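Architecture at a glance
Chain residues, written in single-letter form:
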Amino acid sequence: MTERRTKQADPKRRARPAAEFDLVVFGATSFVGRILCSYLASRTGAGRVGSWAIAGRSADKLQALRDSLGAAGAKLPMIVADASDASALRDLCARTRVVISTVGPYALYGEPLVQVCAASGTDYCDLTGEVQWVARMLERHEAAARESGARIVHCCGFDSIPSDLGVLFLQQQAIERFGQPCVQVGMRVKAMRGGASGGTIASMLNIVEEAARDPALRRSLANPYWLCPPGTGAGVRQTSLKGPAWDADFDAWTAPFVMAVINTRVVLRSNALAGHPYGAGFRYDEALLTGRGLPGRLAALGVTAGMGGFALGAALAPTRAVMQRFVLPGPGTGPSPQAQRKGFFDLRFLGRTADGRTLRTRVTGDRDPGYGSTGKMLGEAGACLAMDVGKADLAGGFWTPATAMGSPLLARLQAHAGVGFEVLER
Ligand SMILES: NC(=O)c1ccc[n+]([C@@H]2O[C@H](COP(=O)([O-])OP(=O)(O)OC[C@H]3O[C@@H](n4cnc5c(N)ncnc54)[C@H](OP(=O)(O)O)[C@@H]3O)[C@@H](O)[C@H]2O)c1
């Protein structure tokens, strides 16, 4: 790991008084926040997630959430704070070691909390997938986080924990088996079932809207090294799938994967932050497997056309308004509990070493990717940051899930969150 990761705390920095809570869930009443809280409530008995509290802008909604959690929620402390109220956010941060935020779209509501966490030395994680907002937060608040000792970890949901920790797991296995990392890794979505919530759709619409009016943002979005620290992005050309393509390694047609934009940037940032343990010329790409023969090819065409249609519809104000009003889920809504239970994901990874040896692994989840599984992943990430990664082990700054929490988070996800990491012998 890098020197930055383990840099000793600055002795001049004032120590924070002991916090009342290990975790505060901000946005506890959001669609995914409610799933997360019910998961944390079920985990508290085992005593492994620490003490926690719920926070949000509405006392009535927090009370209703608390009631819905039964005995586990009866004494759960509540903190009322609006995302735009810096003073309330400072009070909230003073009471906890880690804030988990689900208040999104993050590009609209997320910055004041990141700013307060970075200034106050409060650790933070969220489940944004909004790459443009992450880039903005890095630029504006990384210096303060380094100074205060706050560890800020974005992207702790389906984007991008399975990709980031999936690559870490594959590389750990490659080193163990071959004594060297894989310099090229492809992740392919073999299967997944799950829907989208109003919050996710709102975040996606917001990115498309921002990109539609800002040519510089469109150029940055195309840069695979956008989230890498300046000067660390290797000049290696990364593959970015834009349409249907045959994948000989997986013997199937592939289509672009909608989460690849954020996931690939996070994985490349992990490699850069850790001093390129995957190799300075590491290449990483993601795609969706759609099957063999004509049906596979047609499905790949259908996915590509669907993504293009969504982006076009979202970019134009009149069609965006129609989509928001009549087609897409509204705020606070999402897949039913039954759909979450029936959901799952199965991601395949193929790594290749510099001398041509290959390794196949897979990452699976036992609930729908964006909600049932994301709630559990985010809860374990927050608990891991609060309980497993001491301030002396990880310096302040903006980290990725793999560089901040790595192996302890892998262990937590496998033990508690229904996320599996395994080597496939073929
Ligand atoms: N990475 C992933 O895999 C993944 C998966 C799912 C979701 N997400 C992201 O997570 C976020 C939440 O999604 P969701 O579907 O749960 O959204 P949601 O149900 O629409 O919830 C949004 C939350 O933001 C809160 N909020 C809005 N304005 C606020 C303000 N001024 N002050 C305080 N709170 C405020 C809302 O409070 P009220 O409850 O009081 O209305 C609500 O709790 C979205 O950005 C989405 O893109 C990511």
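Higher on the page you've got the structure.
Here the structure is a predicted model, which means the values were calculated and not measured.

The subject of this paragraph is the side chain of Glu 142. Counting through the fold element by element, Glu 142 comes out in helix H7 (residues 131-148). Discounting chain neighbours no more than four positions away, the residues touching Glu 142 are Met 137, Arg 269, Gly 397 and Phe 398.

With respect to spatial proximity, 29 residues lie near the ligand, and among them Thr 29, Ala 83, Leu 127, Asp 159 and Ser 197 are the closest. A distance of 3.0 Å separates an oxygen atom of the ligand from a polar side-chain atom of Lys 61. Ala 83 places a polar main-chain atom, nitrogen or oxygen, 2.8 Å from a nitrogen atom of the ligand. Within the shell around the ligand, the residues separate by chemical class into twelve nonpolar, twelve polar and five charged.

In this section: the packing of aromatic side chains. This model, assessed by the stated rule, comprises seven aromatic pairs. Ring plane angle 35° and centroid distance 5.3 Å describe the contact between Tyr 106 and Trp 133, whose orientation is recorded as tilted. In this pair, Tyr 106 sits in helix H5 (residues 106-109) while Trp 133 sits in helix H7, placing the two residues 27 residues apart along the sequence. As far as burial versus exposure is concerned, Tyr 106 and Trp 133 are alike and both buried.

Here the focus is the sheet that holds strand E7 (residues 182-193). The seven strands are arranged E8-E9-E10-E7-E11-E12-E14 in an open sheet whose pairing can be described as mixed. Each having just a single partner strand, strand E8 (245-247) and strand E14 (419-424) make up the two edges of the open sheet. Across the sheet, the axes of successive neighbouring strands diverge by a mean angle of 35°, strand direction being ignored. Bridge analysis of strand E12 (residues 358-365) against E14 gives six bridges, and the strand direction is antiparallel. The partner of Arg 362 across the bridge, within E14, is Glu 422. Strands in contact with helix H15 (residues 369-387) are E7, strand E11 (344-353), E12 and E14; relative to E11, the strand with the most contacts, it is inclined by about 70°.

Reading the values: rules and limits
Residues numbered from 1 in each chain as written. Predicted model: local features only at pLDDT ≥ 70, side-chain atom pairs only at ≥ 80, totals over all residues. Heavy atoms only, no water. Helix = DSSP H or I, 4+ residues; strand = E, 2+ residues; numbered from the N terminus. Contact = heavy atoms within 4.5 Å. Near = heavy atom within 4 Å. Polar contact = N/O pair within 3.5 Å; in protein donor to acceptor, adjacent residues only side chain to side chain. Nonpolar A, V, L, I, M, F, W, Y, C, P; charged D, E, K, R; others polar. Phe/Tyr/Trp six-rings, centres within 6.5 Å; stacked < 30°, edge-to-face > 60°. Buried < 20%, exposed > 50% of the residue type's maximum accessible area, 1.4 Å probe, protein only. Pairing = 2+ DSSP bridges. Axes fitted to C-alpha atoms, helices over the stretch in contact; angles between N-to-C directions.

Remember that the coordinates give geometry; whether it matters functionally is a separate question.
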